[in-house]
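The lines below spell out each chain.
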Amino acid sequence: MFWANPMVLGIGTMLLSVPIILHFMMQPKPKVFAFPALKFVREHEVTNRSRMRLRHLLLLILRCLLILLMAAALAGPSVASRQFGQWLILGGIGFTSLIVAVALAAAYFGARNRNWFLITLLALLLMGQLIYGSYCAIQLMSDKSPQLLGDSQAPVAAVILIDTSPRMDYQVGGIKNLDKAREMGTWLAEQLPSASDVCVLATDGDQPFYSVDISAAKERIKTLETSYQSSFIPEALNLGIKLLNESEQERKELYVITDLTRRGWTGGETGTVLKQLKENEDIAAFVIDVGVKNPKNFSIGNLELSEETITSSSPIEINTAISRRGGAAQRNVILKIEKPDEQGVRPMMRDGKVLVPDKYWEINQQVDIRAETQTPIRFQYPGPLPQGVHHGTLEIIGEDGLADDNKRYFTINVRPEWDVLVVHPDNVNPANLVDLLAPFREQEKGTAIYHCTVAKQNEISRYKLEDFQAVFVLDPTPISEGVWQDLDQYVEQGGGLAIFLGYNAAIQGSVDPSFTTETAKKLLTGEIIRQWRRKPDNPLYLSVDNFSNPILEPFREREEAVPWNDHPVLNHWEIKPDGLSAELPTETIVRYSTGLPAVISRSIGKGRVVVMTTPITDPPRPAGRKLPWNYLFTGYCWPAWKLVGKISEYVTQSSNENLNIDIGQTATLRNDVRQLPDSYRVFTPRTEQSPTKVVSIDNSVKYRFTNTPGQYRLKGQRGKTMLRGFSVNLDPVETDLTRIETDEVDEVLGFERYQLAREQNQIQRQQGTARVGQEFFPILLIMLAITLAVEQLMSNRFYSN
């Protein structure tokens, strides 16, 4: 129980003595009458004295109750539970009903001449109280959302959660939703009683804490900025509720200031929030909407680049779609590709600011954008582009409510062809692989990614392996130990090796001993133990059960539609894993339908090896044999072409370049320290931020602090300045302004478990009800008026007699 003015209650208690003293002081003194019928007088005196004593006692009780009620009303009592407060109110109604009932009984049975006007008035008053009491009881029984009650100036524990997602950058008239949220949060902090525990929490992933005081909380609100790695509101709520439970304050309040977009509410452990609020009924929850009910916005979807790594003569093709929320409109969309800095010094810091190249190749398109749908758009830059890393943007020109999704960033790497060595014995034709890696038409245009050097197996020692990004060994005949060791050293230093085993590894049906040496087993990921042949009643084909490896990326979206069984395998080698898998990461990427390994990868030092246990060069009718080892490249054989193409990218590690990623992802750039710097300075999109240093480890550079959209530029030195880089974009779903429905919020917070407001006056009214509740002052005044009326009626009735 809380009292707003406890001193008034003490004074009122002392005043209770006044009617008691007056009661005894004003007792009527007996009068002496000379009357002969003494016996009758004495009997009448006894009866009259008993009746008067009862009436005086009733009036005394009523007058004491009047003073007590007046003192209690002025003291402003309240309690810490609304249900308990309602029970007290119900008890007060019952008590006053009892007083009226006693007065009614006295008026009806205590007088010879009944005053029917008084009796009727008291009966109506009693009936009204009983009806009101019944209504209060029904309301109490149906109340499922208890709220805090108490003194409005009592300290509270409050968590003010402010949505800092990119969607809060939406603006109308130059005022962002985040600006309104900061203003609302500051006002809320000012409304909190002094000595309150205040936590300002944001959806930026930071851990919650109580500010030193309200002034510190207001300062924190002022410093809140948009977080591009925003967490979901339910996740932040879980942290906020946990912090509230740690406070010793009896009253706890939770405020969520948000634009009520669905994206912020539909992730995280929503069920946990609902459970916590049910377990902590003393927490008053408020949701404050600072969003726009019908936002209008343009946005660019994800960019689809034809290739991230191209040659100088390759064209650049970019496909995307533009969305429009609101009415149809027309906008200019411009493609910009940075020109290299003529002086070769940018990026650089000058006067505390990062300077980047500021000249571009540009292509402009005017686009008619349809309403509430996606409008496809395609750009093509014919080239040529000089070798090196090039950054570009695609941007919608014109004013818009949300600017964060009007611009997309991309990075491409223009480089010379990858030099690869294709090794084959005399009886193997490498034409299929060469045509796959460097198609003749692309060679003529100068757009081929690979440059293939073809060598016979017995001439491999004439080539310097380190001059090549990868070596492909096709259906090899017995290999000398010296060549195995050269290949092992080449991979250790960062080279890529792909071995396609086949018919030539056998001597009279058994594996040649040269394939069972320790060095050979290391590169082959194990020991070749036998040749496996398909049984007539058991079809044999490639099978995939895990698509996580990048080699299988083309098949992920069509797992069930890949026709592996249309291209049977007749023979393959069985490899028994060696004991080196623990120290040399080894993975079976593709298996056969029997479960035996078909494609195996292993990392050795800085390089990679991929072994395929059936060849890719057998023609349908091989010379000197009745049947080929497989039919992978017969008919419509796109799965095999895709598989071998991705193996090529994997061993050259060209697929290890992540030039275009989303916010929060780690950027990984291949970095052969034999040719490139071993460290770089990283310039981020925040132009006021000084560059940081990143070091190459295991022939790759990794950078994980990608928390801002834009271009990240790496600058290093190896005889000359070398520039690398990548782009980071915001996922389009993070700027989806679709608003959430109330019933969806109910699923997170609970039905009628929170108060929804948009204006400050709504918050004040709901906050007052939640923090102070239905104080007893109004009901005490009603009880005081009823008691006073009964006292007046009774005293007039008694003293008139």
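Residues numbered from 1 in each chain as written. Predicted model: local features only at pLDDT ≥ 70, side-chain atom pairs only at ≥ 80, totals over all residues. Heavy atoms only, no water.

**Q** Which residues make up the packing of aromatic side chains, and what values do they have?
**A** Inspection of every chain in the model, using the stated rule, returns 12 aromatic pairs. With a centroid separation of 4.9 Å and an interplanar angle of 15°, the aromatic rings of tyrosine 255 and phenylalanine 286 are classed as stacked. Of this pair, tyrosine 255 sits in strand β7 (residues 251–258) while phenylalanine 286 is found in strand β8 (residues 283–289), placing the two residues 31 residues apart along the sequence. Grouping residues by exposure puts tyrosine 255 and phenylalanine 286 together as buried. Ring geometry for phenylalanine 555 versus tryptophan 638: centroids 6.0 Å apart, planes at 35°, classification tilted. Taken together, the residues phenylalanine 555 in the loop between β27 (542–543) and β28 (571–577) and tryptophan 638 in helix α14 (residues 638–652) connect sequence positions 83 residues apart. Each member of the pair, phenylalanine 555 as well as tryptophan 638, carries the same accessibility label: buried. (Phe/Tyr/Trp six-rings, centres within 6.5 Å; stacked < 30°, edge-to-face > 60°. Helix = DSSP H or I, 4+ residues; strand = E, 2+ residues; numbered from the N terminus. Buried < 20%, exposed > 50% of the residue type's maximum accessible area, 1.4 Å probe, protein only.)

**Q** For unusual backbone geometry, give the residues involved together with the corresponding values.
**A** With an omega of 5°, the peptide bond between arginine 346 and proline 347 qualifies as cis. You can see proline 347 is positioned in the loop between β13 (329–338) and β14 (348–350). With a phi close to 55°, aspartate 351 is a non-glycine residue in the positive phi region. Here aspartate 351 lies in the loop between β14 and β15 (353–355). The phi dihedral of threonine 525 falls on the positive side, at around 70°, and the residue is not glycine. Residue placement: threonine 525 occurs in the loop between α13 (518–523) and β26 (526–533). Of the residues examined, threonine 525 reaches a relative accessible area of 3% and is grouped as buried.

**Q** Run through helix α7 (residues 214–223), naming residues and quoting values.
**A** Turning to α7, its buried residues are Ile214, Ala217, Arg220 and Ile221. The arc that holds the buried residues of α7, viewed along the axis, is 115°, so those residues lie on one side. Away from its buried face by more than 90 degrees, α7 exposes Lys222 and Thr223. Measuring from the backbone nitrogen of serine 215 back to the side-chain oxygen at the start of α7 gives 3.2 Å, which picks out aspartate 213 as the cap. (Arc of directions from axis to C-beta. Polar contact = N/O pair within 3.5 Å; in protein donor to acceptor, adjacent residues only side chain to side chain.)

**Q** So, the side chain of serine 230: which residues are in play, and what are the values?
**A** Inspection of the secondary structure assignment puts serine 230 in the loop between α7 and α8 (233–246). A distance of 3.0 Å separates the side chain of serine 230 from the side chain of threonine 203, its partner in a polar contact. With residues up to four places along the chain from it excluded, the contact list for serine 230 reads Asp163, Thr164, Ser165, Pro166 and Thr203. (Contact = heavy atoms within 4.5 Å.)

**Q** Residue-level account of the pattern of salt bridges, with values.
**A** Tallied over the full model, the rule gives 25 salt bridges. The salt bridge partner of lysine 176 is aspartate 169, with a shortest N-O separation of 3.8 Å. A relative accessible area of 31% means that lysine 176 is categorised as partly exposed. Accessibility expressed as a relative area gives 8% for aspartate 169, which makes it buried. A salt bridge links arginine 325 to aspartate 736, with the nearest nitrogen and oxygen atoms 3.3 Å apart. Of this pair, arginine 325 sits in strand β12 (residues 316–325) while aspartate 736 is found in the loop between β38 (721–729) and α15 (742–749), placing the two residues 411 residues apart along the sequence. Owing to a relative accessible area of 34%, aspartate 736 belongs among the partly exposed residues under this scheme. One continuous salt-bridge network, built from bridges that share partners, spans Arg167, Arg263 and Glu734. (Salt bridge = Lys/Arg side-chain N within 4 Å of Asp/Glu carboxyl O.)

**Q** Which residues make up a nonpolar patch on the surface, and what are the values?
**A** Residues Phe95, Leu98 and Val102 make up a contiguous nonpolar surface patch of roughly 270 Å² in combined accessible area. Here phenylalanine 95 lies in helix α4 (residues 82–109). (Patch = residues over 30% accessible without salt bridge, like charges linked within 9 Å, V, L, I, M, F, W, Y side chains within 5 Å. Areas by Shrake-Rupley, 256 points an atom, 1.4 Å probe, with all protein chains shown as cover.)

**Q** Any chance you could break down the nonpolar core for me, citing the residues and the numbers?
**A** Ranked by size, the top nonpolar core spans 45 residues in total, and within it Phe472, Leu542, Val590, Val599 and Leu643 carry the most contacts. Per-element tally for this core: the top contributor is α14, with seven residues. Counting 32 residues, the second largest nonpolar core, distinct from the first, contains Trp484, Leu487, Leu501 and Leu524. (Core = buried A, V, L, I, M, F, W, Y, C linked by side-chain atoms within 4.5 Å.)

**Q** Give me the lowdown on the sheet that holds strand β34 (residues 679–683), citing residues and values where you can.
**A** Read from one edge to the other, the open sheet built from five strands follows the order β32-β38-β37-β34-β35, with strand pairing classed as mixed. The strands lining the two open edges of the sheet, one partner per strand, are β32 (660–662) and β35 (692–695). Mean inter-strand twist for the sheet, computed between neighbouring axes without regard to direction, equals 30°. (Pairing = 2+ DSSP bridges. Axes fitted to C-alpha atoms, helices over the stretch in contact; angles between N-to-C directions.)

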